[in-house]
Amino acid sequence: HEGSDITFKKNNSENLTKVYNGFISDSLDKEKNEFKHDFIVFLHSDVLVDLEKLCDHIEKCAEKYDVMGLCGCDKISVSESPLNWFTGSNKFRTSRWGCVCHGDDNSLISFYSKDRPDITDHAVSCIDGLCIIISKKAVEKGLRFDERLAFDCYDTQISFDAIMNFGLEVGCLVEPELRHFSVGKSIISEKFLDSELIVREKFGLGIPKGSRIEQYLAKKAAEELKNEEAEKERT
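Please read all numbers here as calculations on a predicted model, not as lab measurements.

Caption draft 1: Expanded view of the environment of Asn165. Looking at the secondary structure, you find Asn165 in helix α5 (residues 154-165). Ignoring any residue separated from it by four or fewer positions in sequence, one finds Asn165 in contact with Phe160 and Phe203. Within the structure, the side chain of Asn165 is placed 2.5 Å from the side chain of Asp161, a separation counted as a polar contact.

Caption draft 2: Looking closely at the pattern of salt bridges. Following the criterion strictly, the structure yields 15 salt bridges and no others. When the shortest N-O distance is used, the salt bridge between Lys136 and Glu140 registers 3.1 Å. Here the residue Lys136 and the residue Glu140 both occupy positions in helix α4 (residues 136-141), the gap between them amounting to 4 residues, near one helical turn. The residue Lys220 makes a salt bridge to Asp194 at a minimum N-O spacing of 3.6 Å. Of this pair, Lys220 sits in helix α7 (residues 212-234) while Asp194 sits in helix α6 (residues 190-203); the two residues are 26 residues apart in sequence, bridging distant segments of the chain.

Caption draft 3: Representation of the side chain of Ser95. Tracing the backbone shows Ser95 in the loop between α3 (85-88) and β7 (96-102). By relative accessible area, Ser95 is classed as buried at 4%. Setting aside residues up to four positions removed in sequence, Ser95 forms contacts with Gly72, Cys73, Asp74, Lys75 and Ser89.

Rules used throughout
Residues numbered from 1 in each chain as written. Predicted model: local features only at pLDDT ≥ 70, side-chain atom pairs only at ≥ 80, totals over all residues. Heavy atoms only, no water. Helix = DSSP H or I, 4+ residues; strand = E, 2+ residues; numbered from the N terminus. Contact = heavy atoms within 4.5 Å. Polar contact = N/O pair within 3.5 Å; in protein donor to acceptor, adjacent residues only side chain to side chain. Salt bridge = Lys/Arg side-chain N within 4 Å of Asp/Glu carboxyl O. Buried < 20%, exposed > 50% of the residue type's maximum accessible area, 1.4 Å probe, protein only.

Note that every value here comes from positions in space, so none of it alone points to a role or purpose.
This is the structure in structure tokens:
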């Protein structure tokens, strides 16, 4: 796309949040607080999308949204755990937007808004991290990724920060050609819950009663107590 720069970071092992903030910082004139791009697009390496079409779509929606994704929900319950846009909208499935073909799942197509096929963009409250698009306005207002997060929950954090702390508009662009070659299985891991805890503390969301994260914290507390007792016995 004319005027666009593409950078690929190979075999990354740094926190994704640090990498993303680094790209933002590299394109920001700190003295003038001016960002040299209209938008910056963060795309996972296992994602395929028609970039030309996506750039056109971004430009068409430039006046509507300050942050955009390709999957998301306009209604979310923070009482769900593990928490992201998908699990948080379990009770509100008609609030989901986007279309993605899962390349590692026999090419299963999830067209979340298939009952609204003519609507190709919509305001949302949380987006998926496979593609995050951040505008010049959002960058210059100070929106950044929380670098305590490594590879999980940064999409929920950036969505909530944009809306709750920066007064920005978040939207989902529906791109039917989107393909993703993983299904985000890290959400079932305990390390995901460590990241979720950071997000919950950051936004004052609390720990839902009877949730998986409450059980995880109880397990950690029991292990710590056991280790303390074992240490006392040794001394």
